[in-house]
Amino acid sequence: MQFASRLIHNGNEIDKTTGALSIPIYQASTFQQNDVTQPQEYDYSRSGNPTRQALENTIAILEGGHRGFAFASGMAATSSVLSTFAAGDHLLVCEDVYGGTYRVITTLFQRFNLEASFVNASDHENIRHNIKPNTKAIFLESPSNPLLKIIDLRAAAAVVQEYGLSVIVDNTFMSPYFQRPLELGADIVIHSATKFIGGHSDVVGGLVVAKDPEWSKRIYAAQNCFGAILGPQDSWLLLRGLKTLKVRLDFQQKSAHRLAHWLLAQTEVEEVFYPGLICHPGFEIHRQQADGPGAVLSFKTRDQATALAFLNSVKLAAVAVSLGGVETIISYPRTMSHAAMPETQRHHLGISDNLIRVSVGLEDCGDLINDFAQALNNKLKPLSSLDKVYNYRL
Ligand SMILES: Cc1ncc(COP(=O)(O)O)c(C=O)c1O
């Protein structure tokens, strides 16, 4: 079955006991045990809950993994995966990682002596060069947040697998519709399901998919011991959100293409970052590993004052933390998603004071462009022949 059909029909969409076409919200903390000498499928909701289970099975199918796990947030998912490592282990982490992941690694996990090196993972020799005898895994994000930098996931996985290391990929920006890291060599996929998977800016959640039974065992132990599970109501919201993932993303991506191209022509805009643009440095690699560039882009305005004026002037788009919702959400990484990153590191990565991130929603794209135009004073500049968007499958 194609992805669109698997979103709707994957064996987890019908309630086994009633036939309901929507999995009920099993709002129960505990379950009657009929024979205490025999283990039952469910005993206590931290260990397993039927609504959460339906979601976990669904994401495992969509990512093509062995088993899925649902957590209370994307950070709970990331932290639970990181908790499977031991004091003294070393991790390689791509330097463009999400600010919250950077923070948890450099503060909380550092206190437990989990070592980490932040590396430019687009450079494979650099990955190899940073592997130490105690390195256990690499943590990657592609496209990165907020500059949409691309890492060749297949190549990075191939390098570290020579050393027997595991590969963890945060796939939040793509969702399984556009990119399936397990097919590219990853062992674990993480999502902030708060974003495209939920899709409606009404739930905070995280998902993990493990490739094989060994990793599933380790992650289940972390989920059950640490206990940062997703509740049944929120599991149900994610199940509902997933059903429309493809239609939402098709529409949002189409508008993102149009907006990226329009932004390139604005005098007040210095640079546009979107993997669907042929001029994007990671364009070719992204095209080989993903089925679309997605619905997030970022751009640099002429200066910080222009960026702040734009943020103050947009009317239709929301200025907010987060992305992936039905509404267009604009954020200012310097004080929002990457506030936790030290200024020197931020500047080293190019997360400058004039950078704006846009998560394109489901509004009419013409209305969005009109809104952006009034906020940027609508001055146009000529385009070069490379300033084109590639036609993925619009
Ligand atoms: C790429 C990425 N990973 C992880 C997270 C953390 O997810 P959550 O906010 O659901 O904890 C975010 C949040 O913005 C993110 O953008």
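All figures in this text were calculated on a predicted structure; none of them were measured in a lab. (Residues numbered from 1 in each chain as written. Predicted model: local features only at pLDDT ≥ 70, side-chain atom pairs only at ≥ 80, totals over all residues.)

## Examining the overall build of the chain
And then number 1: If you tally the helices and strands in the chain, you get 15 helices and 12 strands.
And then number 2: Relative to the 2.2 N^0.38 estimate, which gives 21 Å for 394 residues, the radius of gyration of the chain is 21 Å and therefore close to what a compact globule would have.
And then number 3: Counting across all 394 residues of the chain, residues that qualify as buried make up 49%.
And then number 4: Expressed as a percentage of contacts within the chain between residues at least 6 apart in sequence, the contacts between residues at least 24 apart total 74%. (Helix = DSSP H or I, 4+ residues; strand = E, 2+ residues; numbered from the N terminus. Rg over C-alpha atoms; globule rule 2.2 N^0.38 Å. Buried ≥ 20, exposed ≤ 12 C-beta atoms within 10 Å, placed from the backbone. Contact = placed C-beta atoms within 7 Å.)

## What to know about the site of the ligand
And then number 1: The ligand sits among 14 residues. The nearest are Ser 73, Gly 74, Met 75, Ser 192 and Thr 194.
And then number 2: For the shell around the ligand, the residue count by class is 3 nonpolar, 9 polar and 2 charged. (Near = placed C-beta within 6 Å. Nonpolar A, V, L, I, M, F, W, Y, C, P; charged D, E, K, R; others polar.)

## Side note on the environment of Gln 252
And then number 1: Examined against the element boundaries, Gln 252 turns out to sit in helix α11 (residues 245–264).
And then number 2: Overall, the presence of 25 C-beta atoms within 10 Å leaves Gln 252 in the buried class.
And then number 3: For the pair formed by Gln 252 and Asp 364, sequence separation is 112 residues and the distance between their alpha carbons is 9.7 Å.
And then number 4: Ignoring any residue separated from it by four or fewer positions in sequence, one finds Gln 252 in contact with Ala 295, Val 360, Gly 361 and Leu 362.

## Focus: helix α9 (residues 213–226)
Because each turn of an α-helix spans 3.6 residues, side chains separated by three or four positions end up pointing in the same direction.
And then number 1: Between its terminal C-alpha atoms α9 stretches 19 Å, which fits the 20 Å expected from 14 residues at 1.5 Å a residue.
And then number 2: Looking only at α9, the buried set comprises Trp 215, Ser 216, Ile 219, Ala 222 and Gln 223. Along α9, the residues classed as buried sweep out an arc of 130° about the axis, all on the same side. For α9, the exposed residues set more than 90 degrees away from the buried face come down to Pro 213, Glu 214 and Cys 225.
And then number 3: Contact partners of the buried residues in α9: β1 (67–71), α3 (74–82), β6 (188–192) and β7 (206–210). (Expected span 1.5 Å × (residues − 1). Arc of directions from axis to C-beta.)

## Some thoughts on the nonpolar core
Side chains that are nonpolar tend, in soluble globular proteins, to be buried together.
And then number 1: By size, the foremost hydrophobic cluster in this structure holds 110 residues, and its most contacted members are Leu 140, Ala 156, Ile 168, Ala 186, Val 208, Val 272 and Leu 297.
And then number 2: For this core, the element with the highest residue contribution is α11, accounting for 7 residues.
And then number 3: What Ala 186 contacts, discounting residues up to four positions off in sequence, is Leu 153, Ala 157, Val 167, Ile 168, Val 169, Pro 181 and Lys 211. (Core = buried A, V, L, I, M, F, W, Y, C linked by C-beta atoms within 7 Å.)

## Observations regarding the sheet that holds β6
And then number 1: Taken in spatial order, the 7 strands line up as β1-β7-β6-β5-β4-β2-β3 in an open sheet, and their pairing is mixed. Edge strands, defined here as strands with exactly one partner in the open sheet, are β1 and β3 (115–119). Shown here is a sheet whose adjacent strand axes are inclined to one another by a mean of 20°, direction ignored.
And then number 2: Here strand β5 (residues 166–170) pairs with β6 via 3 bridges, running parallel. Each residue of the ladder has a partner; that of Ile 168, found in β6, is Ile 188.
And then number 3: Of the strands in this sheet, β1, β5, β6 and β7 are in contact with α3, which crosses β7 at around 35°. (Pairing = 2+ DSSP bridges. Axes fitted to C-alpha atoms, helices over the stretch in contact; angles between N-to-C directions.)

## Let's talk about the pairing of strand β2 (residues 90–94)
And then number 1: For β2, a buried count of 4 out of 5 residues is recorded, marking the element as mostly surrounded by other parts of the structure.
And then number 2: Across 5 bridges, the pairing between β2 and β3 is parallel. Bridged to His 90 within β3 is Glu 115.
And then number 3: Relative to strand β4 (residues 135–141), β2 runs parallel, the two being bridged by 4 bridges. Paired with Leu 92 across the strands is Ile 138, a residue of β4.

## Brief notes about the pairing of β7
And then number 1: Counted residue by residue, β7 has 5 buried out of 5 residues, so it is predominantly covered.
And then number 2: Alternating residues of β7 divide into Gly 206, Val 208 and Ala 210 and Leu 207 and Val 209, and every residue in both groups is buried.
And then number 3: With 5 bridges joining them, β1 and β7 adopt antiparallel strand pairing. By the bridge assignment, Arg 67 is partnered in β7 with Ala 210.
And then number 4: Taken together, the 5 bridges between β6 and β7 define a ladder with antiparallel strand orientation. Each residue of the ladder has a partner; that of Ile 188, found in β7, is Ala 210.

## Digging into the domain arrangement of the chain
And then number 1: When the domains of the chain are assigned, the result is domain 1 (3–243) and domain 2 (245–376).
And then number 2: Taking the mean C-alpha position of each, domain 1 and domain 2 sit 25 Å from one another.
And then number 3: Facing 35 residues of domain 1, the contacting portion of domain 2 comprises 35 residues.
And then number 4: The set of elements that each furnish at least two residues to the side of domain 1 that touches domain 2 consists of α1 (3–8), α4 (99–106), α7 (153–161) and α8 (175–178).
And then number 5: The element best represented in the side of domain 1 that touches domain 2 is α4, accounting for 4 residues. (Domains from an automatic or database assignment.)

## Considerations on unusual backbone geometry
And then number 1: Here Ser 142 and Pro 143 are connected by a cis peptide whose omega angle stands at 0°.
And then number 2: Structurally, Pro 143 is set in the loop between β4 and α7.
And then number 3: Its identity is not glycine, yet Leu 148 carries a phi of approximately 55°, on the positive side.
And then number 4: With respect to the secondary-structure elements, Leu 148 resides in the loop between β4 and α7.
And then number 5: We classify Leu 148 as buried; it has 27 C-beta atoms within 10 Å.
And then number 6: The phi torsion at Ser 201 lies on the positive side, around 55°, for a residue other than glycine.
And then number 7: Mapped onto the fold, Ser 201 is located in the loop between β6 and β7.

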